[in-house]
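Residue-level listing of the chains:
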Amino acid sequence: MKVSLDRFGSIRSFCLSLFAITILMGGVANAAPQCSDGLDNDNDGGVDALYAPDPASAAPRSWHKDPFGLVGFVNSKAAEYGFRPIGDGSALNFDATTAQFVCRLAGYSGVASMDCVSVYDGGRCGWYSPSDNRLDNWDPSINNFRTRNARDAGNRWLTTLTCINKIPKCSDGKDNDGDGKTDFPADPGCANAWDEDERPHDVNCTGPNDNSEFSQCNDGIDNDGDGAVDGQDFSCSSAFDDDETNPKSQCQDGIDNDGDGVVDLADPGCSNKQDNSENSATTQCQDGIDNDGDGAADYPNDFSCSSRTDNDETNPKSQCQDGVDNDGDGVIDLADPGCSGTQDNSESSATTQCQDGADNDGDGLIDSSDPGCSNPQDNNESDGTSQCQDGADNDGDGLVDFGNDPGCDSPGDNSESDQLSKLIPFVECVDKIADSSYVAHYSYLNDTGATVNLPVGALNGFTPAPADRSQPTVFLGGLFADTFTVPFDGTPLTWQLGTNTAVASSSTPLCPEEAQQPNCKDSDITALLIALDSGARQQQKLVQQAAKQLIKLNASERSYAARTKKQSMAVYKQAWSTTWTLPRLVTTCENNTQCVSTSNVPTLSEYRRHSDELRVLAEEIAKRIGAIKTKKAKKQAAAIKKKAQSLSDANERNAELVPKASDQC
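The structure contained in this document is the topic of the report that follows. (Residues numbered from 1 in each chain as written. Predicted model: local features only at pLDDT ≥ 70, side-chain atom pairs only at ≥ 80, totals over all residues. Heavy atoms only, no water.)

1. Here's the deal with the overall build of the protein
Okay, step 1: Looking only at helices and strands, the protein has 7 helices and 18 strands in total.
Okay, step 2: Principal axes of the C-alpha set define a box for the protein whose edges measure 115 × 80 × 40 Å.
Okay, step 3: Per-residue burial over the protein gives 39% buried out of 665 residues.
Okay, step 4: If you take every contact in the protein between residues at least 6 apart in sequence, the share linking residues at least 24 apart comes to 57%.
Okay, step 5: Carbon and sulfur atoms make up 51% of the accessible area of the protein, which totals about 32800 Å².
Okay, step 6: Computing the positive centroid from 52 side-chain charges and the negative centroid from 107, the protein places the two 17 Å apart. (Helix = DSSP H or I, 4+ residues; strand = E, 2+ residues; numbered from the N terminus. Buried < 20%, exposed > 50% of the residue type's maximum accessible area, 1.4 Å probe, protein only. Contact = heavy atoms within 4.5 Å. Areas by Shrake-Rupley, 256 points an atom, 1.4 Å probe, with all protein chains shown as cover. Lys, Arg positive; Asp, Glu negative; His and termini not counted. Charge placed at Lys NZ, Arg CZ, Asp CG, Glu CD.)

What follows is the structure, given as structure tokens:
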């Protein structure tokens, strides 16, 4: 797999995040100030004050006379970054390229010093018996470690290494904040090349030691002493308003706004300081009481109130509480979908699903034509369904519903049986190997216009037995020539596909000699490609589900969750595109110098990278969930992380099954 050192970010940013999580869990007595805790505490899109130390001022990372400690560190990064681990009985070769690579793994750009003297047996610089031991060096040309016999490599191992110049996030070549821009000056969140956070900084932070990112209208404090805090204060226009004092409501502005001779809280029209109307509360339509019990009080909230001086909240009644079927659709008042509430004066602004002329359940059927509609007053089109979306094998062909059963043209199709005849098998020709020894070449045409999954069985099998002779089970749309071959003895061999058959025998026309490819094998890996695509899709769905759980547990994470869900869909689309650039039919040939080989390794490496990106997105959400101090959150975080790793491992196993190259002869 190709390894990109651009993926190696700053350790400091990770440590800050880990420190913040530890604080939330109660593990640190003195929490970091909000303006240096790595969090968007006020959810305004800005994070902390600018922190941009000189990379050279960061503490170095060192290993001292410890060849096997260096090997252990490198191997701890192998799975994360996709290179081959160093095997037992091997050490790192003493060379500048390998040392530089180890420092990049640790998040540093420079090598301060290196040595080969170890703590073993008097400080030797290599193996006692180099002829049977190995040294590994980093080879940029293959983006991996290369192993050589220690004697041939010079028998000098890397034992001491000091790395300097920490790599800041605004110089590490990564889009750390997922905004599509990378590093200084391209990313507007980077103040300079030493900035440790690509996200924009919070304008409310005066410095790293400032303990509040919040504005006056989002800090939980009654800044103007009027008895209301933040969003409850009339003076706050939004959570980002930094003035709780102005403008003042009528009931605290010192003015007799309604001219009744009393001011502010002395006015009976004022319920509290945040009340912005001094109008006297005398009639039913301004007394603050729901006099008719219809869920609304006073003018203009109650439909029955024509003005504040109106003294009858009960009449006239709105259409949605008058007990009359005003729009004649068979349903009355709040039972009518046209009614949004008791104060709504129009029953006709909406109607039931079964008379609105819309395909509400997306099955291609509308109103009375939809099996989900029992009558025009039925307000649910989705509680009945057609054969092609009911989850049942209605035609007994082993296939269910639209997308699987070729008899279904759409979800609204109410018949599963009529298109198996559009799968047509062919015998191209046969190779005669010897008397009573032949090889039949089979092809197929899928004229349904869609991919059909048809397992081996009565509708996809051979006679005589065995029924399974390595024929396809996934049939793509179109004509596919010479799809697979079957050895037989010359007696009739019949392939049943859908409602059609193709028969090969000793009398079938022989294949042209020049068309035969000796020592070659064709492998249909379509099912494997489907598994790779499905694996990436499951990873994307895990990110979506984890994001929803995060929002349920912490509503302030809504912006981050939405951004991560969008990013996961973009990565999945890239994984889908990469998967289907691989050939569905792979040919491998042995001992044939006329063949041209095309490598699949770069495409597989690209797929693995997208799979790894989806795993990381899920783990990042799990980390945020785990930071919430509840047992439920920690349990959910652990489950998400475990599932993310399991899906990633499954994708890796499937990728390993894809042939590394395809031959063309």
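2. Description of the pairing of strand β8 (residues 437–446)
In summary, the side chains of a regular strand alternate between the two faces of the sheet.
Okay, step 1: Here β8 lies mainly inside the structure; 8 of its 10 residues are buried.
Okay, step 2: As paired strands, strand β7 (residues 423–434) and β8 are joined by 10 bridges and run antiparallel to one another. Residue pairing for β8: leucine 423 is matched across the bridge by asparagine 446.
Okay, step 3: Where β7 folds back onto β8 in an antiparallel hairpin, the turn is made up of 2 residues, including serine 436, whose phi is positive at roughly 60 degrees.
Okay, step 4: Both β8 and strand β12 (residues 478–488) contribute to a ladder of 8 bridges, which runs antiparallel. Paired with tyrosine 442 across the two strands is phenylalanine 484, which belongs to β12. (Pairing = 2+ DSSP bridges.)

3. A word on the packing of aromatic side chains
Okay, step 1: For the structure shown, the criterion picks out 19 aromatic pairs.
Okay, step 2: Centroid distance phenylalanine 462 to phenylalanine 484: 6.2 Å. Interplanar angle 85 degrees. Geometry classified as edge-to-face. In this pair, phenylalanine 462 sits in strand β10 (residues 460–463) while phenylalanine 484 sits in strand β12, placing the two residues 22 residues apart along the sequence. Like phenylalanine 484, phenylalanine 462 is buried.
Okay, step 3: Ring geometry for phenylalanine 484 against tryptophan 495: centres 5.1 Å apart, planes inclined by 90 degrees, an arrangement best described as edge-to-face. (Phe/Tyr/Trp six-rings, centres within 6.5 Å; stacked < 30°, edge-to-face > 60°.)

4. Regarding helix α5 (residues 558–579)
Okay, step 1: The end-to-end C-alpha distance of α5, which contains 22 residues, comes to 31 Å, matching closely the 32 Å that a straight helix rising 1.5 Å per residue would cover.
Okay, step 2: Among the residues making up α5, those that are buried are Tyr560, Ala561, Thr564, Ser568, Val571, Tyr572, Ala575, Thr578 and Thr579. Down the axis, α5 shows its buried residues gathered within 115 degrees of arc, on one side only. α5 presents Lys566 and Lys573 as exposed residues on the side facing more than 90 degrees away from its buried surface.
Okay, step 3: In the core, the buried residues of α5 are packed alongside α4 (526–553) and α6 (601–626). (Expected span 1.5 Å × (residues − 1). Arc of directions from axis to C-beta.)

5. Points about a nonpolar patch on the surface
Okay, step 1: Judged by side-chain polarity, Phe68, Val119 and Tyr120 come together as a nonpolar surface patch covering roughly 250 Å² of accessible area.
Okay, step 2: Looking at where valine 119 falls in the secondary structure, it is placed in the loop between β3 (108–115) and β4 (134–139).
Okay, step 3: Its relative accessible area of 52% is what places valine 119 among the exposed residues. (Patch = residues over 30% accessible without salt bridge, like charges linked within 9 Å, V, L, I, M, F, W, Y side chains within 5 Å. Salt bridge = Lys/Arg side-chain N within 4 Å of Asp/Glu carboxyl O.)

6. Observations regarding the pattern of salt bridges
Okay, step 1: Considering all chains together, one arrives at 13 salt bridges under this definition.
Okay, step 2: Across the salt bridge formed by arginine 608 and glutamate 652, the nearest N and O atoms sit 2.7 Å from each other. Within this pair, whereas arginine 608 is found in helix α6, its partner glutamate 652 is found in helix α7 (residues 631–657), the two being separated by 44 residues in sequence.
Okay, step 3: On the basis of relative accessible area, arginine 608 is assigned to the buried category, the value being 12%.
Okay, step 4: A salt bridge links aspartate 612 to arginine 615, with the shortest nitrogen-to-oxygen separation between them at 2.4 Å.

7. As for the sheet that holds β7
Okay, step 1: The 3 strands are arranged β7-β8-β12 in an open sheet whose pairing can be described as antiparallel. The sheet is open, and its two borders are formed by β7 and β12, each paired with just one other strand. The average undirected angle you get between the axes of adjacent strands in this sheet is 20 degrees. (Axes fitted to C-alpha atoms, helices over the stretch in contact; angles between N-to-C directions.)

8. Some thoughts on the sheet that holds strand β14 (residues 500–504)
Okay, step 1: Strand order in the open sheet formed by 3 strands is β10-β13-β14, with antiparallel pairing between adjacent strands. Edge positions in the open sheet fall to β10 and β14, since each of these has one partner strand only. Across this sheet, the average inter-strand angle for adjacent strands is 20 degrees, counted without regard to direction.
Okay, step 2: Summarising the sheet, strand β13 (residues 493–497) and β14 pair through 5 bridges and their orientation is antiparallel. Across the sheet, leucine 493 pairs through a bridge with alanine 504, a residue of β14.

9. Some thoughts on the state of the cysteines
Okay, step 1: Scanning the model with the defined rule gives 7 disulfides in all.
Okay, step 2: Disulfide pairing is shown between cysteine 170 and cysteine 190; the S-S distance is 2.0 Å. With the S-S bond torsion at -90 degrees, the cross-link from cysteine 170 to cysteine 190 turns out left-handed. In this pair, cysteine 170 is assigned in the loop between β6 (160–166) and β7 and cysteine 190 in the loop between β6 and β7, connecting sequence segments 20 residues apart.
Okay, step 3: Look at cysteine 190 and you get buried, because its relative accessible area is 7%. (Disulfide = S-S within 2.5 Å.)

10. Side note on the environment of valine 71
Okay, step 1: Topologically, valine 71 is positioned in helix α2 (residues 67–81).
Okay, step 2: Separated by 506 residues in the primary sequence, valine 71 and serine 577 place their C-alpha atoms 37 Å from one another.
Okay, step 3: Filtering out sequence-adjacent residues up to four positions away, valine 71 remains in contact with Ile86, Ser90, Ala91 and Leu92.

11. Quick word on the nonpolar core
Okay, step 1: Ranked by size, the top nonpolar core spans 30 residues in total, and within it Trp63, Val74, Phe83, Leu92, Val102, Phe145 and Leu161 carry the most contacts.
Okay, step 2: Only α2, β2 (90–92), α3 (96–105), β4 and β6 provide two or more residues apiece to this core.
Okay, step 3: Setting aside chain neighbours within four positions, we find tryptophan 63 in contact with Gly69, Leu70, Phe73, Val102, Ala106, Thr159, Thr160, Leu161 and Cys163.
Okay, step 4: By size, the runner-up hydrophobic cluster in this structure holds 21 residues, among which are Val452, Leu476, Leu497 and Ala504. (Core = buried A, V, L, I, M, F, W, Y, C linked by side-chain atoms within 4.5 Å.)

12. Quick notes on the packing of α4 against α6
Okay, step 1: Interhelical geometry of α4 versus α6 gives an angle of 15 degrees and a closest axis separation of 9 Å. Accordingly, the angle class assigned to the pair α4 and α6 is roughly parallel. For α4 against α6, the interelement crossing comes out left-handed. Where α4 abuts α6, its residues Leu532, Ala536, Gln539, Gln540, Leu542, Val543, Ala546, Ala547, Gln549, Leu550 and Leu553 lie against Tyr607, Ser611, Leu614, Arg615, Leu617, Ala618, Ile621, Arg624 and Ile625.
Okay, step 2: Looking at the contact of α4 with α6 residue by residue, the classes come out as 14 nonpolar, 4 polar and 2 charged. (Parallel < 35°, antiparallel > 145°, perpendicular 65-115°, else oblique. Left-handed = near helix turned anticlockwise from the far one by under 90°. Nonpolar A, V, L, I, M, F, W, Y, C, P; charged D, E, K, R; others polar.)

13. Regarding the environment of glycine 478
Okay, step 1: One can find glycine 478 in strand β12.
Okay, step 2: Glycine 478 gets classed as partly exposed once you look at its relative accessible area, which sits at 24%.

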